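The primary structure of each chain is shown beneath.
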Amino acid sequence: YYTPRHIVKLIVDLVDPKFGDTVYDPCCGTGGFLIEAFRHIKRGCNPTEKNMKFLEEETIYGGELTGTAKIAKMNMILAGDGHTHIKQQDSLENPAKDAYDVVLTNFPFSQKTEFAHLYGLSAKSANSVFLKHVIDSLKPHGRAGVIVPDSVLFSKDTDAIKVRRQLIEECDVKAVIQLSVHTFLPYTQQPTTILIFEKG
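Predicted, not measured: the structure shown is a model, and the values here were computed from it.

Analysis parameters
Residues numbered from 1 in each chain as written. Predicted model: local features only at pLDDT ≥ 70, side-chain atom pairs only at ≥ 80, totals over all residues. Heavy atoms only, no water. Buried < 20%, exposed > 50% of the residue type's maximum accessible area, 1.4 Å probe, protein only. Helix = DSSP H or I, 4+ residues; strand = E, 2+ residues; numbered from the N terminus. Right-handed = clockwise from strand over helix to strand, strands pointing away. Pairing = 2+ DSSP bridges. Expected span 1.5 Å × (residues − 1). Arc of directions from axis to C-beta. Contact = heavy atoms within 4.5 Å. Core = buried A, V, L, I, M, F, W, Y, C linked by side-chain atoms within 4.5 Å. Polar contact = N/O pair within 3.5 Å; in protein donor to acceptor, adjacent residues only side chain to side chain. Axes fitted to C-alpha atoms, helices over the stretch in contact; angles between N-to-C directions. Parallel < 35°, antiparallel > 145°, perpendicular 65-115°, else oblique. Left-handed = near helix turned anticlockwise from the far one by under 90°. Nonpolar A, V, L, I, M, F, W, Y, C, P; charged D, E, K, R; others polar.

### Quick word on the pairing of strand β5 (residues 138-149)
Of all 12 residues making up β5, 9 are buried, and the element is well covered by its neighbours. Regarding the hand of the β-α-β motif, the stretch spanning strand β4 (residues 100-106), helix α5 (residues 127-137) and β5 is right-handed. Taken together, the 7 bridges between β5 and strand β7 (residues 192-199) define a ladder with antiparallel strand orientation. Each residue of the ladder has a partner; that of valine 148, found in β7, is threonine 193.

Printed below as a string of structure tokens:
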């Protein structure tokens, strides 16, 4: 689902990526979070040639299952670059371990996956697997802003319980922000929540 721009901006402002951070969105779609993060960092850094090269080539990372990845690359180029590390891939098939300083994402809800076993999980539903992917991919003291379906927070499913335990025990949860059921209209009225947390 399209993530409304004001929600994207809110999450980026709360997580506050800095120059020198690596920023990752495993489900980047057309690149909304990555573009906003790129602009946010660019506004706050000294625009030397060396800094701009690092920002354009070593800061932004994204994965997208569909051909929409090409649109994300194009949108990043239009925003000033940062398209180098955007790949068309199933991010869940490619676990990342302690790899990024910042993760920003709105993963697709209720998607099925064959790769839960790569994360020590067993469910076919990808909801909990995506959240585990985010936690695992953060470096120590890395920060995340993630939109999750409320089922991830309240489900009695074994995988959901396991990932919630990891979130509480291995991360510092800064904020849990309930969104209106109208946020993602006309696509869905599924209850959703923003999680802001730091690993460690």
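### Description of helix α4 (residues 68-79)
For α4, which comprises 12 residues, the first-to-last C-alpha distance of 16 Å matches the rise-based estimate of 16 Å (1.5 Å per residue) to within 8%. Of all the residues in α4, the buried ones are Ala69, Ala72, Asn75, Met76 and Ala79. One side of α4 carries all its buried residues, which in axial view fall inside an arc of 115°. Facing away from the buried side of α4 by over 90 degrees, the exposed positions are Lys70 and Leu78. Along its buried surface, α4 packs onto α2 (32-43), β2 (60-64) and β3 (85-88). Among the residues trailing α4, glycine 80 stands out with phi positive, at a value near 130°.

### What to know about the nonpolar core
Counting residues in hydrophobic clusters, the biggest one holds 58 residues, and the most contacted among them are Ile11, Val23, Leu104, Ile147 and Phe197. Top element by residues in this core is α2. It accounts for 6 residues.

### Brief notes about the environment of lysine 18
Structurally, lysine 18 is set in the loop between α1 (5-15) and β1 (23-25). The spacing of lysine 18 and lysine 162 is 144 residues in sequence and 31 Å in space, taken between C-alpha atoms. Among all residues touching lysine 18, those that are not within four sequence positions of it are Ile41 and Arg143. Among the polar contacts made by the side chain of lysine 18, one reaches the side chain of aspartate 16 at a distance of 2.5 Å.

### Observations regarding the packing of α5 against helix α7 (residues 158-170)
Axis separation between α5 and α7 bottoms out at 9 Å; the angle between their running directions is 25°. Judged by the angle between their axes, α5 and α7 are roughly parallel. Here the hand of the crossing between α5 and α7 comes out left-handed. Across from Ser128, Leu131, Lys132, Ile135 and Asp136 in α5, the residues of α7 making contact are Asp159, Ala160, Val163, Gln166 and Leu167. When the residues that make up the contact of α5 with α7 are grouped by side-chain class, the tally is 5 nonpolar, 2 polar and 3 charged.

### Some details on the sheet that holds β5
Strand pairing within a sheet occurs via backbone hydrogen bonds; the two strands may be parallel or antiparallel. The 7 strands lie next to each other as β3-β2-β1-β4-β5-β7-β6, forming an open sheet whose pairing is mixed. Among the strands making up the open sheet, the edge pair consists of β3 and β6 (171-178). This sheet shows a mean twist of 10° between the axes of neighbouring strands, independent of strand direction. Along the sheet face, α2 touches β1, β2, β3, β4 and β5 and points at about 165° away from the line of β1. This element, α5, spans β1, β4, β5, β6 and β7 of the sheet and lies at about 155° to β5.

### Examining the packing of α2 against α4
Any two packed helices are characterised by how steeply their axes cross, that is the angle between the axes, and by the distance between the axes. Close contact between α2 and α4 brings their axes to 10 Å; oriented N to C, the two are set at 20°. Relative to α4, the element α2 lies roughly parallel. Handedness of the crossing formed by α2 with α4: right-handed. Seen from α2, the contacting residues are Leu34, Ile35, Phe38 and Arg39; seen from α4, they are Asn75, Met76 and Ala79.

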